[in-house]
Amino acid sequence: MTMTITSTSNAAAVLASPLKINGLEIKNRIILGPMAVLRPTEDGRPSEQSIAFLKRRAQGGVGLVIVGGSVCSERAWNESPFAPNLRFDKDEFVDDLKRLTAAVHEYGTPVFAQLFPSFGRMGVPRNDRWISAASPKPVSIGSGGLPNHLYIPGGRITPVPHEASAEEIKDIEVSVVAGARRAKAAGFDGVEIGAHMCYFYSSFLSPLSNQRTDEYGGSAENRARILRDVVAAVRAEVGTDYPVGLRMSVNDHMRGGQEPEGFAEVASHIARAGLDFISLSEGNYESMRDNVPSTSGNMLAHGEPQAFRKALGSGVRLFLSSTPDPKQAANAITAGHVDASMLARQMLADPDYALKVIEGREAEIVWCDHANSCLRRLILNVPVACHKNPEMGSEAPDTKRSSPGQEFAVWAAGNKVLMGAADTLARAAQKMK
Ligand SMILES: Cc1cc2nc3c(=O)[nH]c(=O)nc-3n(C[C@H](O)[C@H](O)[C@H](O)COP(=O)(O)O)c2cc1C
Ligand code: SF4
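Conventions used here
- Residues numbered from 1 in each chain as written.
- Chains lettered and ligands numbered in written order.
- Predicted model: local features only at pLDDT ≥ 70, side-chain atom pairs only at ≥ 80, totals over all residues.
- Helix = DSSP H or I, 4+ residues; strand = E, 2+ residues; numbered from the N terminus.
- Rg over C-alpha atoms; globule rule 2.2 N^0.38 Å.
- Buried ≥ 20, exposed ≤ 12 C-beta atoms within 10 Å, placed from the backbone.
- Contact = placed C-beta atoms within 7 Å.
- Expected span 1.5 Å × (residues − 1).
- Arc of directions from axis to C-beta.
- Near = placed C-beta within 6 Å.
- Nonpolar A, V, L, I, M, F, W, Y, C, P; charged D, E, K, R; others polar.
- Pairing = 2+ DSSP bridges.
- Axes fitted to C-alpha atoms, helices over the stretch in contact; angles between N-to-C directions.

A few words on the overall build of the chain. Helices and strands together make up the secondary structure of the chain, namely 16 helices and 16 strands. At 20 Å, the chain has a C-alpha radius of gyration in line with the 22 Å of a compact globule built from 433 residues. Overall size of the chain, expressed as C-alpha extent along the three principal axes, is 60 × 50 × 50 Å. In the chain, buried positions account for 50% of the 433 residues. By sequence separation, contacts in the chain at least 24 residues apart represent 74% of the contacts at least 6 residues apart.

Here it is as structure tokens:
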């Protein structure tokens, strides 16, 4: 039986312990999760702000930084719903990316790149190019079931993607492999392939979004094929000792959807191609309250890490999500369910979270309130800021802040009464159509 951790100092000791991910050792088990908050330049290079934001989190003691908000293909650059992104799709970006990795390395902190080749079902058709996914299934984002203080009046249904052809699948694989090569050349210490949240690769994982009848659909082995192939191709490019992982959906959280055991079975087929870690990602845009929860520890309560561990054994490192309570995270590590705790919003609210946990200064932590104004900003394309941390979003001194008009839009979009009225109007308009 595993002992339950009840003291702050025991939790600190567990989270402060080093972890090996393939050939790399990280100094502790608190990870900065990927977030599109970097405000790169309009042409997709790291800005002073991108670098200052990441450096501040490295200074705050995290064991590993994962860089999000990035793309590794021109397709993803064009169809992104959250522009601009950091680009890995051409060799000309490598020198600028080197400045970013060097800045994080100043603190002895390794940094991984999230490789993102297509937004799939969440893509925005632009420049005469349509979006593609496993099957022609749009994403239906209801006005209910959303995270705290997030309202989408009338809900939203995305455009219907076309079924990806074998040629597109290959092109996307080629772009991921080239992205991995550039990430390694730019000094990144590992790569994470994005396969979550209704984006391109995640659409293949579940029978709910994958209704193909070819070799990419049907059995768990077939639904794993596209990712198994891309992991094998990336592995062949970067070598055996370089960390390669996935950010992967682990539970549909929808009626008739796939449960954690089903996702874990798919993962076990992908892992055979040489996977070092999986960043667990709960729910998706159709079950967003589960993806961006308001309390700590939901993932453990739902049993997703446990199912993945059972299917994969201890060879694949598992990164827990959304568990800022240090004791819960440490207990999950001690019990062997996961290997590290990966946090997103908590790291916006308090860049020093990791140091405070490790040094036993829990009382000093500035806790994220899960009121999600950061998320509303992301969705409205307003520079992301955090109301619990005035420094966030302008870690570099000359960064332009959002305008009063943008601030009003963020406030209005989080107002229950205003958005309730807008929802009623939107539904009435839909009925009249
Ligand atoms: C502002 C913002 C931007 C995000 N951008 C990304 C991203 O680029 N890539 C990604 O995989 N997840 C992204 N996420 C999701 C987070 O990594 C994370 O899965 C989610 O916030 C739940 O974790 P948390 O409870 O620790 O915040 C973003 C989240 C937020 C709030
Ligand atoms: S704005 Fe800050 S405090 Fe609020 S949810 Fe986002 S990170 Fe947490």
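Glancing now at helix H4 (residues 94–105). With twelve residues, H4 should cover 16 Å at 1.5 Å per step; its first-to-last C-alpha distance of 16 Å lies within 8% of that length. Burial in H4 covers these residues: Asp-96, Leu-97, Leu-100, Thr-101 and Val-104. Mapping the buried residues of H4 onto a view down its axis gives an arc of 140°, with all of them on the same face.

Next up on the list: the site of ligand 2. Close to ligand 2 lie 13 residues, the nearest being Arg-345, Leu-348, Cys-368, Cys-374 and Cys-386. Those elements giving two or more residues to the shell around ligand 2 turn out to be helix H12 (345–349) and helix H14 (373–379). Ranked by the residues each element gives to the shell around ligand 2, the list is headed by H12, at three residues. Tallied by class, residues from the shell around ligand 2 come to six nonpolar, four polar and three charged.

Let us look at the site of ligand 1. Ala-36, Gly-68, Ser-322, Ala-344 and Arg-345 are the nearest of the 22 residues found near ligand 1. Elements that contribute at least two residues to the shell around ligand 1 include exactly H12 and H14. Top contributing element to the shell around ligand 1 by residue count: H14, with three residues. The residue inventory of the shell around ligand 1, partitioned by class, reads eleven nonpolar, nine polar and two charged.

Take the sheet that holds strand S15 (residues 317–321) next. With parallel pairing, the eight strands of this closed barrel are ordered in space as S3-S4-S7-S12-S13-S14-S15-S16. Pairs of neighbouring strands in the sheet enclose a mean axial angle of 25°, with direction left out of account. Here strand S14 (residues 277–281) runs beside S15; their pairing, made up of three bridges, is parallel. Each residue of the ladder has a partner; that of Phe-277, found in S15, is Arg-317.

Moving on, we come to helix H7 (residues 260–271). Taking 1.5 Å of rise per residue, twelve residues should cover 16 Å, and H7 covers 16 Å from first to last C-alpha, within 8% of that figure. Those residues of H7 that fall on the buried side of the exposure criterion are Pro-260, Gly-262, Phe-263, Ala-264, Val-266, Ala-267, Ile-270 and Ala-271. For H7, the elements touching its buried residues are helix H6 (220–238), strand S13 (244–249), S14, helix H9 (298–302) and helix H10 (304–312).

Turning our attention to unusual backbone geometry. Residue Pro-84 is reached from Ala-83 by a cis peptide bond, and omega for that bond is -10°. By the secondary structure assignment, Pro-84 is in the loop between helix H3 (74–79) and strand S6 (86–87). Not every positive phi belongs to a glycine, and Ser-322 is a case in point at roughly 50°. Examined against the element boundaries, Ser-322 turns out to sit in the loop between S15 and helix H11 (326–334). Classification of Ser-322 as buried rests on a count of 26 C-beta atoms within 10 Å. A positive phi is found at Asn-381, a non-glycine position, where the angle reads about 60°. Within the element layout of this structure, Asn-381 appears in the loop between H14 and helix H15 (404–413).

Worth remembering: the numbers are spatial, not functional.
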